[in-house]
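A closer look at the structure
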Amino acid sequence: MNLHEYQAKELLKRYNVPTQEGIAVDNIDGALNAYKQISVDTGSKFAVVKAQIHAGGRGKGRMKEVPDQSGVSVVKSADDVERVAKNILGNTLVTIQTGEAGKKVSKILIAQDMYYDGPSERKEFYISILLDRAKKQNVIMYSTEGGMDIEEVAHNTPEKIYREWVHPNMPLQPFQARKIAFNFGLSGDAFKNMVKFVTNLYNAYVGLDCSMLEINPLFKSADDKILAVDCKMNLDDNALMRHHDLADMRDKSEEDPTEVEAGEFNLNYVKLDGNVGCMVNGAGLAMATMDMIKLAGGEPANFLDVGGTANAQTVEAGFRIILKDPNVKAILINIFGGIVRCDRVAAGVIEAYNKLGNINIPIIVRLQGTNAEQAKELIVNSGLKVQSAILLSEAAALVQKAVSAN
Amino acid sequence: MEAHVSGYSDQSTYYIMAVLVNKNSKVIVQGFTGTEGTFHASQMIEYGTNVVGGVTPAKGGTKHLDRPVFNTVQDAVTATGADVSIIFVPPAFAADAIMEAADAGVKVIICITEGIPVQDMVKARDYIKGRDCRLIGPNCPGVITAGEAKVGIMPGFVFTPGRIGVVSKSGTLTYEAADQVVKAGLGISTAIGIGGDPIIGTTTKEAVELLMNDPETDGIIMIGEIGGNMEAEAANWLKSNMRKPVVGFIAGQTAPPGRRMGHAGAIIGGADDTAAAKMKIMRECGIHVVDSPANIGITMAQVLNKEAVAAN
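Sequence order as written defines the numbering, with residues in each chain counted from 1. Ligands are numbered from 1 and chains lettered from A, in the order in which they are written. Residues qualify for local features only when their pLDDT is at least 70, as the model is predicted, and side-chain atom pairs are given and counted only at 80 or more; totals for whole chains, interfaces and linings, by contrast, use all residues. Side-chain figures throughout are based on the complete set of non-hydrogen atoms in the structure, without hydrogens or water.

**Side note on the side chain of histidine 263 of chain B**
Where we set the bar: In this description a helix means any DSSP run of H or I spanning at least four residues, a strand means any run of E spanning at least two, and both kinds are numbered starting from the N terminus. In this scheme, a residue with accessible area under 20% of its type's maximum is buried, one over 50% is exposed, and one in between is partly exposed, where area comes from a 1.4 Å probe on protein chains only. The contact criterion used is simple: two residues touch if any of their non-hydrogen atoms lie within 4.5 Å.
With respect to the element layout, histidine 263 of chain B can be found in the loop between β13 (246–251) and α9 (275–284). Classification of histidine 263 of chain B as buried rests on a relative accessible area of 8%. When near neighbours in sequence (up to four residues on either side) are disregarded, histidine 263 of chain B contacts Ala283 and Gly284 of chain A together with Asn139, Lys169, Ser170, Gly196 and Glu225 of chain B.

Below, the structure written as structure tokens:
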């Protein structure tokens, strides 16, 4: 589950990880009040307005409706705040990560300006924590090259990326935190603050069950404070059962509405761009079915795993979800009945088909496993315009026929 | 068609147990009295698996499915001599159940549970490291040695006994592959579902190695999917250990990058863990990679036939 910047920063504070302070608002009055408050707190007229969406590249992104407005703006007066807030709120932000459609912005963060002058030089670093699957350990990735696209840094100057692996059953050790702070080239107060920062950041990563935590830029201010100016946080969905307060932070408006609906039926659905829909039991077989559709000359319109219990309800929900996509020209249902009996699934398909009425695209049903022959008979005798297959190769041939007829 | 083409008849004169589980395995079920545990334990018993008891905390001393229930895995092992455990415990408690089984000295721990928090598995995987046990899964269909023991949730009837081993990250795709193998006139020795999570106990390479060393297995089907580097690791190992033919398939050739495809571990993170990259390295290492999942069984039959012809 992805979080917004303002939510992630709120969570970091619980672990004593210093962040750029800010107030998230969803209207102009709120923005003006927030600006007033922040000006009082910082004693500065400078502040930053940041669009809150689940995508990176906001600073370089553009509002579709107001092309000279980016997703992040420095402001220095109430008039500025009002103008920028009007430009952003309710409008659509297009960044390198959102695609052309962009994302509607319904919240902005009014944040402190941290780029003030002081006795020492300001610096921007990069740090992230994630799972290293191969080593089966969490790894802290960091670089002195902050504030830019880290993938570019990794590609052009891989020697500037450091990695620190953490023992699976221990917290980050003090020597590791010191190593990181030294590699950032810090000394004095900034060094001490960085040691505390990375130690607490790792505790936050583990404590919140993050699957990814990225701070870019990780900022050293001109008075040697170390803090998170931005934060991207991704939580492990499987761990939300023990973090109910975090589960409540989910912003469904950031997700594909059809995927949200599928989730409500316990269906695992991912929308794709193709023309052949599919409904399969099991994630591996679902991916394999998508691949087969492509080899048969079609393009998969979705990934849809109906799970272990393929019955009339799940099949009907699956049909409804796939049929919402106007690009779908054919549907392949591929069920390997193990514990679940194929004749029951077939009955479910017939029931759902009848209930939905006028489905006017070809439906191919491939049922294999327990009672596959009876299932095929049921489908054939139903009188529905449903084509039936038992072998996967037969299903592939039917898909090919359906695709070439279009 | 007789499928003995391994050329290892000299080794098969020694008695070596089938891979991981066999008819002598003494199996306990953790989460025995729950809905899932009850259903699948009954199915396993029906298949002929030697289920000697189960564990449900605070239900020790009772009976379930005519078998004793214990409070702890330690009690169960002491009383029954169990050497295999299958876990149906809910996700929040499953990592703990794995560690409990390892601590009690269970040799083969098979965890079916899907949805375990990944940080729990990081810890549990480290806890069992160096202990004399092997973890299969989590988020897997289990292990079946056809005709001997089913320690999992797969439909037993699909796995007609024979001499082809299967290693797979996925459940229904394993059944699909086994079904194709049988329809191609062959059968299954042992099928190992290693699981679709980012952190699992037994890797593709380790499972393939078990089957490579198994005298009951003449050919291996290796089914992977997008995400991680386990297939590449297995392929590199196979390059210099290909003593039996291996047919491979990678699911997710059409999966978009950055999206999780059902399994927690099935997500393309970079250029190396796409289906295309995995298939390429597998081909380079001598694995017979099929593009279509419909051709897994037929390809294995063809490859074995060719080898048989070449050997004569």
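Additional details are given in the paragraphs that follow.
**Here we look at the environment of alanine 85 of chain A**
Residue and element names in this part refer to chain A. Mapped onto the elements, alanine 85 comes out in helix α3 (residues 78–88). Separated by 35 residues in the primary sequence, alanine 85 and lysine 50 have C-alpha atoms spaced 9.3 Å apart. In this structure, alanine 85 is in contact with Ile28, Ala31 and Ile108, ignoring residues within four places of it in sequence.

**Remarks on the interface of chain A and chain B**
Applied cut-off: By salt bridge we mean one thing: a side-chain nitrogen of Lys or Arg within 4 Å of a carboxyl oxygen of Asp or Glu. Polar contacts here mean pairs of N or O atoms no more than 3.5 Å apart (in protein, one a potential hydrogen donor and the other a potential acceptor; neighbouring residues in sequence count only if both atoms are side-chain atoms).
Counting from both sides, the interface comprises 46 residues of chain A and, opposite them, 59 residues of chain B. Inspection of the region where chain A meets chain B yields 3 salt bridges. One salt bridge connects glutamate 259 of chain A with arginine 259 of chain B, and the closest N-O pair in it is separated by 2.7 Å. For the pair chain A and chain B, the number of links is 14 residue pairs in polar contact (both at pLDDT 80 or more). Elements supplying a minimum of two residues to the side of chain A that touches chain B: α6 (188–207), β14 (268–271), α9 (283–295), β17 (330–337), β18 (363–369) and α13 (392–405) of chain A. The element that contributes the greatest number of residues to the side of chain A that touches chain B is α9 of chain A, accounting for 10 residues.

**Here's the deal with the nonpolar core**
The criterion, for reference: Here, nonpolar core refers to any group of buried Ala, Val, Leu, Ile, Met, Phe, Trp, Tyr and Cys residues whose side-chain atoms link them within 4.5 Å. All domain edges in this entry derive from an automatic or database-based domain assignment.
Residues Ile86, Ile110, Phe159, Ile192, Ile221 and Met261 of chain B are the most contacted members of the largest nonpolar core, which totals 103 residues. The greatest single-element share of this core, amounting to 8 residues, is contributed by α9 of chain A. Two domains each provide a minimum of three residues to this core, namely domain 1 (4–136) and domain 2 (142–311) of chain B. In contact with phenylalanine 159 of chain B, other than residues within four places in its own chain, are Tyr47, Ile144, Ala146, Met154, Thr174, Tyr175, Ala178, Ile188 and Ala191 of chain B.

**Topic: unusual backbone geometry**
The omega torsion of the bond from asparagine 216 of chain A to proline 217 of chain A falls at 5 degrees, within 30 degrees of zero and hence cis. Residue position: proline 217 of chain A is located in strand β11 (residues 210–220). The omega torsion of the bond from glycine 137 of chain B to proline 138 of chain B falls at 10 degrees, within 30 degrees of zero and hence cis. Mapped onto the elements of the fold, proline 138 of chain B is located in the loop between β7 (134–136) and β8 (142–145).

**Overview of the sheet that holds β13 of chain B**
Residues and elements named next belong to chain B. For clarity, the threshold we go by: A strand pair is defined by DSSP finding two or more bridges across the two strands. A fitted line through C-alpha atoms represents every axis, and for helices the fit uses only the stretch in contact; the resulting angles, taken between N-to-C directions, go from 0 to 180 degrees.
With respect to topology, 7 strands assemble into an open sheet ordered β9-β8-β11-β10-β12-β13-β14, the strand pairing being mixed. Bordering the open sheet on either side are β9 (149–152) and β14 (288–289), each of which pairs with just one other strand. In this sheet, β13 lies alongside strand β12 (residues 219–225) in parallel orientation, the contact comprising 6 bridges. Bridging across to β13, isoleucine 221 finds its partner in valine 247. Along the sheet, helix α2 (residues 35–47) contacts β8 and β9; its crossing angle with β9, the most-contacted strand, is approximately 165 degrees. Each of β12 and β13 touches helix α8 (residues 230–239); the most contacted strand, β12, lies at about 150 degrees to it.

**Some details on the domain arrangement of chain B**
Residue and element names in this part refer to chain B. Put simply, the rule is: Throughout, buried area stands for the accessible area (probe radius 1.4 Å) lost by two parts on being put together, summed over both.
Each domain of chain B was delimited in the assignment, giving domain 1 (4–136) and domain 2 (142–311). Between the C-alpha centres of domain 1 and domain 2 there is a distance of 23 Å. Contacts between the two partners involve 32 residues from domain 1, matched on the other side by 33 residues from domain 2. At the boundary of domain 1 with domain 2, total buried surface from both sides reaches about 3000 Å², with 65% on carbon and sulfur atoms.

**Brief notes about the pairing of strand β15 (residues 276–280) of chain A**
All names here are of chain A. Where burial is concerned, most of β15 is hidden: 5 out of the 5 residues are buried. Here β15 shows no split at all, with Val276, Cys278 and Val280 on one side and Gly277 and Met279 on the other all buried. In this sheet, β17 lies alongside β15 in parallel orientation, the contact comprising 5 bridges. For valine 276, the partnering residue across the bridge sits in β17 and is alanine 330.

**Describing the environment of glycine 274 of chain A**
Residue and element names in this part refer to chain A. The topology assignment puts glycine 274 in the loop between β14 and β15. For glycine 274, a relative accessible area of 6% gives the class buried. The spatial distance from the C-alpha of glycine 274 to the C-alpha of isoleucine 293 is 9.7 Å, given a sequence separation of 19 residues. In this view, glycine 274 contacts Glu299, Pro300, Ala301 and Asn327; residues no more than four positions away in its chain are not counted.

**Brief notes about the pairing of strand β1 (residues 27–30) of chain B**
Residue and element names in this part refer to chain B. Convention followed: Throughout, right-handed denotes a crossover for which the path from the first strand over the helix to the second runs clockwise when the strands point away from the viewer.
Neither face of β1 is open: one carries Val27 and Val29, the other Ile28 and Gln30, and all of them are buried. Inspection of the sheet shows β1 paired to strand β2 (residues 51–55) by 4 bridges, in the parallel sense. Within β2, the residue paired with glutamine 30 across the bridge is valine 55. Considered for its hand, the β-α-β crossover made up of β1, α2 and β2 is right-handed. Here β1 runs beside strand β5 (residues 84–87); their pairing, made up of 4 bridges, is parallel. Considered in β5, the bridge of isoleucine 28 is made with serine 85.

**Some words on the sheet that holds strand β6 (residues 103–104) of chain A**
Spatially, 3 strands are ordered β3-β5-β6 (chain A) in an open sheet, and the strand pairing comes out antiparallel. Each of the sheet's edge strands pairs with one partner strand only, and the pair in question is β3 (62–63) and β6 of chain A.

**Section: the pattern of salt bridges**
Residues and elements named next belong to chain A. According to the stated counting rule, one finds 36 salt bridges over all chains in the structure shown. In this structure, aspartate 209 and arginine 242 form a salt bridge, with 3.0 Å as the shortest nitrogen-oxygen distance. Placement of aspartate 209 in the loop between α6 and β11 and of arginine 242 in the loop between β13 (232–235) and α7 (244–247) is noted, with a sequence separation of 33 residues between them. For aspartate 209, a relative accessible area of 3% corresponds to the buried category. Exposure remark for arginine 242: the relative accessible area of 37% places this residue in the partly exposed category. Between lysine 271 and aspartate 325 there is a salt bridge, with its nearest N and O atoms 3.2 Å apart. Here aspartate 325 lies in the loop between α10 (312–323) and β17 and lysine 271 lies in strand β14, a separation of 54 residues in the sequence. Lysine 271 sits in the partly exposed class, given a relative accessible area of 27%. Through salt bridges with shared partners, one network takes in Glu5, Lys9, Lys50, Arg58 and Asp230.

**Some points on the packing of α9 of chain A against helix α6 (residues 172–183) of chain B**
For any two helices packed against each other, one specifies the inter-axial angle together with the distance between the axes. Worth spelling out the cut-off: Each angle is binned into one of four classes, with values under 35 degrees roughly parallel, values over 145 roughly antiparallel, values of 65 to 115 roughly perpendicular, and all other values oblique.
Contact geometry of α9 of chain A with α6 of chain B gives a least axis separation of 6 Å together with a crossing angle of 65 degrees. On the basis of their axis angle, the class for α9 of chain A and α6 of chain B is roughly perpendicular. The segment α9 of chain A lies against α6 of chain B, with Gly284, Leu285 and Ala288 of chain A engaging Thr172, Leu173 and Glu176 of chain B.

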